[in-house]
Amino acid sequence: MTMNVIGASICDEELLVQGEARDIQLPNTEHVSQISVDVGGSLAKVVYFSRKSGTKGGRLNFRKFETEKIDECIAFIVKLLEESRATRPGHEFVIKATGGGAHLYYERFREELKVTIEKEDEMECLITGLNFLITEIPFEVFTYSEANPMCFEETPADPFPYMLVNIGSGVSILKVTSANTFERISGTSLGGGTLWGLLSLLTGAKTFDEMLEASQEGDNRNVDMLVGDIYGADYSKIGLKSTTIASSMGKVFKKNVDKRQFKPEDISRSLLYMVSNNIGQIAYLNAQAHGLSRIYFGGCFIRGHPITMNTLSYAINFWSKGAMKALFLRHEGYLGAVGAFMKHRSSRRNSRSFTLTEQLAQKLATPEADLGVTLAQDTLDVVAAEESD
C-alpha cells in the first residue's frame, strides 16, 4: 500500500510532548510500516507513521532527541518496532537513516534494532522532505514579522527555483532548480552548534530550549555595542538606526567593568542575534549572487522561536530592500527525516499518491513516451509498491 497524502493536514490538538512539531494527519492512508531517522551533530530526529484503532487513516509523528543521548533515541525506535511487530508479525521492517549519524551509528543501529538499515544521502533527503512539505501540506510555509507573526503562504504553482538555508549544528545553503536538481552553493560553521556551545560556556543553561527561553527575557543592549553608543544618535547618512548593533558583545571588553554584572539572559539574546544576523546576511548575499528571491530556512536551530525568525526576516528584508522573502516551515527541523521517510520504496514510487491514470497522463506528456511500455511499467510499479509494504 502506498502513502496517500490526499486531504493531509497539520493536527491542531494539544501536543503530547511540548516543543515537538505537530503531527500531520493523513486521512486516506490506512497503514505504512515506515520509520526514518536523521541523526545530526546535535539532534536526532525520528519520523514514523501511526494509526489509532477504530479511526480512518493515520498520521506522521515527529520526535527529536539530543544526539549525545542516542540511547534514548534507539530505545524509542525499539519500542516502535515492537508495537509494529505485534500488529504485523513476520513483516520485514526497514529503517531509512540519513545525516552524519547514519554512518557514525550504522553498526549500532543495525545490531540493536535488528532490522535492515538503509542509508540515504543527507542533502537529497533535505530537498525531498522540503519539496513534499511545501507542495503537499497546507499551512506549512509562512513568513514572520512582529506585526504579523504567522502569515501563511499559498502553495506556488511552480516552487522552483528556491534556496534552502538549513541551520543545524552548522549551516548548509542549497540552490534548488527542480525536484531532482540542486547544488550546495555555500555554508558556514557558525550555526546552532556555535550558539549552543557558547551559551553552554557562558550561562548555566543545560539545553538549547532553556537557552532560547532565557533569550526572551534578556536585553542585548546591556551587552552589545550599538550605533547610538558610538554616535549618540542615528547614523542616518548610511541608513543606520541608533539601535543597530555595531559590535556584538562589544560592551563586555571595556576596562573596569565587572564581568559578573552581565546577566545570562542578556548574553543569550546577544549571541542569538549575533548568529542569526550572520546567517541572514550570508543567506541574502548568496540569494543575490544566484538571482533567487524565495529563501526557505530549515533546521532545528529555528524551533519556531520568535526572536530567531524575526531576526532572519529582518535581515533578508533589510539587505534586499524588500525584494526577497524569508520563508519558514512548521516542520523546519524534520526536513531530512521526512525526506528519508519518503525514500521508502512505496513512497518513492508514488510520493504524490497519483492514480494509475494520473501517472499515465504525466508520462504521455513526454513526446518520446511509448504507450505500451508506459502501461506495463505503471502496472509493475503499482504491484511492486503494494508488495513491498
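Here the residue numbers are simple positions, counted from 1 along each chain's written sequence. Per-residue local features of the predicted model are confined to residues with pLDDT of at least 70, and side-chain atom pairs are confined, for both listing and counting, to 80 or more; whole-chain, interface and lining totals are unaffected and use all residues. As a convention, hydrogens and water are excluded, and side-chain values are obtained from all of the structure's heavy atoms.

Caption draft 1: Looking closely at the layout of surface pockets. Quantified by volume, the largest pocket comes out at close to 1,300 Å³. Taken together, 39 residues form the lining of the largest pocket, with Asn-277, Asn-310, Thr-311, Tyr-314 and Ala-315 sitting closest to its centre. Contributing elements (two or more residues each) for the lining of the largest pocket: β14 (245-247), α8 (264-290), α9 (306-320) and β16 (325-329). A helix here means a DSSP run of H or I that spans at least four residues, while a strand means a run of E at least two residues long, and both kinds are numbered starting from the N terminus. At 11 residues, the largest contribution of residues to the lining of the largest pocket is made by α9. We call Asp, Glu, Lys and Arg charged. Ala, Val, Leu, Ile, Met, Phe, Trp, Tyr, Cys and Pro are nonpolar, and the rest, Gly among them, are polar. Residues of the lining of the largest pocket, tallied by class, amount to 16 nonpolar, 17 polar and 6 charged. Of the two site types, the cavity is a set of points on a 1 Å grid over the protein atoms alone where a 1.4 Å probe fits but cannot get out, and the pocket is an open set with protein on both sides within 12 Å along at least five of seven lines, each lined by residues with an atom within 4 Å of a point. Grid points are joined across faces, edges and corners, and a volume is the space filled by probe spheres set on the points.

Caption draft 2: Summary view of the side chain of Thr-311. Mapped onto the fold, Thr-311 is located in helix α9. The exposure class of Thr-311 is buried, given its relative accessible area of 7%. Setting aside anything within four residues of it in sequence, one finds Thr-311 in contact with Tyr-273, Ser-276 and Asn-277. Only protein chains enter the calculation, and the probe is 1.4 Å; a residue is then buried if its accessible area is under 20% of its type maximum, exposed if over 50%, and partly exposed in between. Residues count as neighbours in contact if any of their non-hydrogen atoms are within 4.5 Å of one another.

Caption draft 3: Region of the structure containing a negative patch on the surface. Together, Glu-210, Glu-213, Glu-217 and Glu-265 make up a region of like negative charge exposed at the surface. Within the secondary structure layout, Glu-210 lies in helix α6 (residues 208-217). Like-charged residues within 9 Å of one another, or nonpolar side chains (Val, Leu, Ile, Met, Phe, Trp, Tyr) within 5 Å, are grouped into patches, provided each residue has over 30% relative accessible area and no salt bridge. Shrake-Rupley sampling with a 1.4 Å probe provides the accessible areas, and residues are treated as covered by the protein chains on show and by no other component. Only one rule defines a salt bridge in this text: a Lys or Arg side-chain nitrogen within 4 Å of an Asp or Glu carboxyl oxygen. Only four residue types enter the tally: Lys and Arg on the positive side, Asp and Glu on the negative side, with His and both chain ends excluded. Taken as the charge centre is NZ of Lys, CZ of Arg, CG of Asp or CD of Glu, depending on the residue.

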